[in-house]
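Here is how the chains run, residue by residue.
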Amino acid sequence: MTLVRTLVWFVLLVVAMTLAVWLVERPGVVTVQWHGWRLDTSVGVVLIVIVVLCVLAALLYALWRWLAGAPSTVFDIWGESRRRKGYRALTQGMVAVAAGDAAEAQRCARLAEKLLEEPPLTRLLSAQAAQLAGDRDAAQRYFAAMLDDPQMAFLGLRGLMMQSLKDGNSSKALAYAEQAFQRRPDTPWVVRSLFDMQAQAGKWSAAQETLQVGLKRKIVDPERGRTLSALLLVERSRAAERGGADQDAVDHARAALALAPEREPVAYRYAELLIKRGDGRKAMKAIERAWPVSPHPDLAQLYLAAAGEKDALKRVQALSRLTAGNPDDLDSRIALARECLEARLWGEARRHLVAAGAERPDAPTRLCRLMADLEEQEYGDGEKVRQWLARAADSPGDRQWRCRSCGAVHDRWLAVCDSCAAFGTTEWQMPPPSSHAVAAAAATSTLRLRPEQEVLPPDPPAEAKAPAS
Ligand SMILES: [Zn+2]
């Protein structure tokens, strides 16, 4: 390269020298006359003047170019520095949000907003910082503004939904969840939140459609989906009955029982409808089939109601038939012991209670109470009654309707937990080992016969529980 350039310069030099020699050998005179002025000079001088003028013009042009371009260069450097500072504020703000530092988060959000010209990103930080600081209105404003940006709209909907849940405005939250579902039906938290909210609102058919989407997209476990479908059908059955569509009510209940016979509320629902139609025998058959997988005191009472027996001994016989398929279960023993006490069959009652574990140190509450009843009725032994009642108070607990999501204890089955709002999480079960005290306190309510009610079970909620699964 250098060699080529040297050659070029050499050639140019030779040409220039040749030209100079050629001009010297051919001298000439140039005369200019202008408005009474006269200028005489040689051709060589004229040529030199022309060359000098050209060089000057080139220099002026270069100077002009530099001056014209300079401002944008200065602004570029300034703008780049602003952006860098803006992104640093954004990052620090996100870290402050994660660390729960509301004041720092808001300071960084304000700085980032000032420095950056990308509202979506800064809006998200501003909304989170406002939320953290408890500024509900500002958070709402920022989330709402995000709806205008197609990239941020989904995030904005989520923020608005969570805000509505926090405010206790469930219908608004449901509307936002529906919009989020339309945008991204594949997102697990959207499907779970929408399902829970539809169930809470009693929109059973809509919830069932959402559940189907969840199953199809593998967001809901098939086993859980089966149970949830059954419990939704139980609720649809109740709704149909309230609306006077008795046949639909029975059809839904039957479909539910086919799906999840192991859930007590399902069998209860179907049997109570059959009894209402005067079909006691069919109701008894349904309860007998359900008892081995879902024994429960309410089912035993419903069975006796279906049998229509008033005689105490015949009631004991009826219960013996019912419990034959699952004779050693706690609820089989308790149901029989209770009826034996009514029939004054003291020995038989004691046999069932002892077989169920009444004499063990961890005897369930109901066993201790029934032993107290037995001592009272058979011997009128006040001291023993007091002892059994004391043991009942100290009992580690008993089977209860318990929400498997939040652990709340209910005195009856609830489709939607009134503590955590999850659908289908109430199950008839023993308390976990650590909650003896709570269980003992709540035990009395489970001894009552359940009033008019129903039942269902579902899926644990997710992040959105508020939001859900
Ligand atoms: Zn709950």
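Calculation notes
- Residues numbered from 1 in each chain as written.
- Predicted model: local features only at pLDDT ≥ 70, side-chain atom pairs only at ≥ 80, totals over all residues.
- Heavy atoms only, no water.
- Salt bridge = Lys/Arg side-chain N within 4 Å of Asp/Glu carboxyl O.
- Helix = DSSP H or I, 4+ residues; strand = E, 2+ residues; numbered from the N terminus.
- Buried < 20%, exposed > 50% of the residue type's maximum accessible area, 1.4 Å probe, protein only.
- Donors = N, O, S within 2.8 Å, 3.2 Å for Na, K, Ca; no water.
- Tetrahedral: all angles 85-135°; square planar, octahedral: opposite > 155°, others 65-115°.
- UniProt positions renumbered as here; feature names shortened; annotations may be inferred.

A complete count under the given rule lists 28 salt bridges for this structure. Arg351 serves as the salt-bridge partner of Glu348, at 2.9 Å between the closest nitrogen and oxygen. Placement of the pair is Glu348 and Arg351 together in helix H17 (residues 346–356), with a separation of 3 residues, close to one helical turn. When its relative accessible area of 31% is taken as the criterion, Glu348 is described as partly exposed. Between Arg360 and Asp362 there is a salt bridge whose closest N-O contact spans 3.5 Å. Given the relative accessible area of 42%, Asp362 is considered partly exposed. Ionic contacts of the salt-bridge type, sharing partners, join the residues Glu235, Arg238, Glu241, Asp246, Arg269, Glu272 and Lys276 into one network.

With that settled, consider the coordination of the zinc ion. Binding of the zinc ion to the protein goes through Cys403 (SG), Cys406 (SG), Cys417 (SG) and Cys420 (SG), at separations of 2.2 to 2.3 Å. Geometry at the zinc ion is tetrahedral, judged from its 4 donor atoms and the angles of 105 to 113° they form at the metal. The sequence pattern describing where the donors of the zinc ion fall on their chain is C-x2-C-x10-C-x2-C. With Cys403 in strand S3 (residues 400–403) and Cys420 in the loop between strand S4 (409–410) and strand S5 (426–429), this residue pair connects regions lying 17 residues apart in the sequence. Cys403 gets classed as buried once you look at its relative accessible area, which sits at 1%.

Here we take up the UniProt feature "transmembrane region" (unreviewed entry) in the protein chain. Summarizing the sequence annotation, UniProt attributes the feature "transmembrane region" (unreviewed entry) to residues 7–24 and 44–64 in the numbering used throughout. The distance separating the terminal C-alpha atoms of residues 44–64 is 31 Å; by composition the span is 100% helix and 0% strand.

What follows covers the environment of Ala144. Residue position: Ala144 is located in helix H5 (residues 136–146). Assessed through its relative accessible area of 34%, Ala144 is described here as partly exposed. Along the primary structure Ala144 and Arg123 are separated by 21 residues, whereas in three dimensions their C-alpha atoms are 9.9 Å apart.

Notably, His35 is not glycine yet its phi reads approximately 50°, a positive angle. With respect to the helices, strands and loops of the structure, His35 is situated in the loop between strand S1 (29–34) and strand S2 (37–42). Positive phi, close to 60°, is recorded for Arg344, a residue that is not glycine.

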